[in-house]
Structure formats: C-alpha cells, structure tokens
Amino acid sequence: MIKVLAVIACVVFLQGCIHKIVTVPVKVAYKTTKGVVKGTAAVVGAVIPDGDDEENEDKDQKKD
C-alpha cells in the first residue's frame, strides 16, 4: 500500500517535468515544420505564377 502511495506521490510531484519532456520536442518539431512549409511555399510562389495580375485586373474593372 505504501508503494502505491509513493508512486502516486511521485507522479503528482513530477507532473511538470513529464509535461516538459512531452511538450518541448513537439513544439520544436512544430516550429521546424512550420518554417520549412513557409519556405517551401515562398519558393513555389516565386517559381510558379499564381495569377495575381488577373485578380488585380478584375478588381480594376469592378471599380470602373
């Protein structure tokens, strides 16, 4: 019975450490992936025209 209480007490006291062990790598992976996706989107946007000129022409025609 005392061993069970000791394990429960350790889990409660170490909850913050366990939270950090789990969340820090996830945050690092998320930020890295987010940066890579933004970089890839910028490169693809520079290489492949996305038709911004057509959208601007449509807006100009609506104003007139």
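Residues numbered from 1 in each chain as written. Predicted model: local features only at pLDDT ≥ 70, side-chain atom pairs only at ≥ 80, totals over all residues. Heavy atoms only, no water.

Turning to the overall build of the protein, a few remarks are in order. Secondary structure assignment for the protein yields three helices and zero strands. Order of helices (α) and strands (β) in the protein, N terminus to C terminus: α-α-α. (Helix = DSSP H or I, 4+ residues; strand = E, 2+ residues; numbered from the N terminus.)

Let us now look at a positive patch on the surface. Together, Lys20, Lys27, Lys31, Lys34 and Lys38 line one region of the surface with positive charge. Checked against the element boundaries, Lys38 lands in helix α2 (residues 15-47). Residue class for Lys38 comes out exposed when judged on its relative accessible area of 56%. (Patch = residues over 30% accessible without salt bridge, like charges linked within 9 Å, V, L, I, M, F, W, Y side chains within 5 Å. Areas by Shrake-Rupley, 256 points an atom, 1.4 Å probe, with all protein chains shown as cover. Salt bridge = Lys/Arg side-chain N within 4 Å of Asp/Glu carboxyl O. Lys, Arg positive; Asp, Glu negative; His and termini not counted. Charge placed at Lys NZ, Arg CZ, Asp CG, Glu CD. Buried < 20%, exposed > 50% of the residue type's maximum accessible area, 1.4 Å probe, protein only.)

Moving on: a nonpolar patch on the surface. A cluster of nonpolar side chains, contributed by Met1, Val4, Leu5, Ile8, Val12, Phe13, Leu14, Ile18, Ile21 and Val22, occupies part of the molecular surface with about 1,100 Å² of accessible area. Every element with two or more residues in the nonpolar patch is listed here: α1 (2-13) and α2. Ranked by residue count, the leading element in the nonpolar patch is α1, at five residues. Within the fold, Val4 resides in helix α1. Since its relative accessible area comes to 47%, Val4 is described here as partly exposed.

Over its twelve residues, α1 runs 16 Å from end to end, which matches the ideal 16 Å to within 8%, given 1.5 Å per residue. With zero of twelve residues buried, α1 is to be regarded as a mostly surface element. (Expected span 1.5 Å × (residues − 1).)

Here the protein averages 77 in pLDDT, while 75% of its residues score no lower than 70. Of all helices and strands in the protein, the one with the weakest mean pLDDT is helix α3 (residues 52-63) (58), whereas α1 scores best (89). (pLDDT = per-residue confidence, 0-100.)

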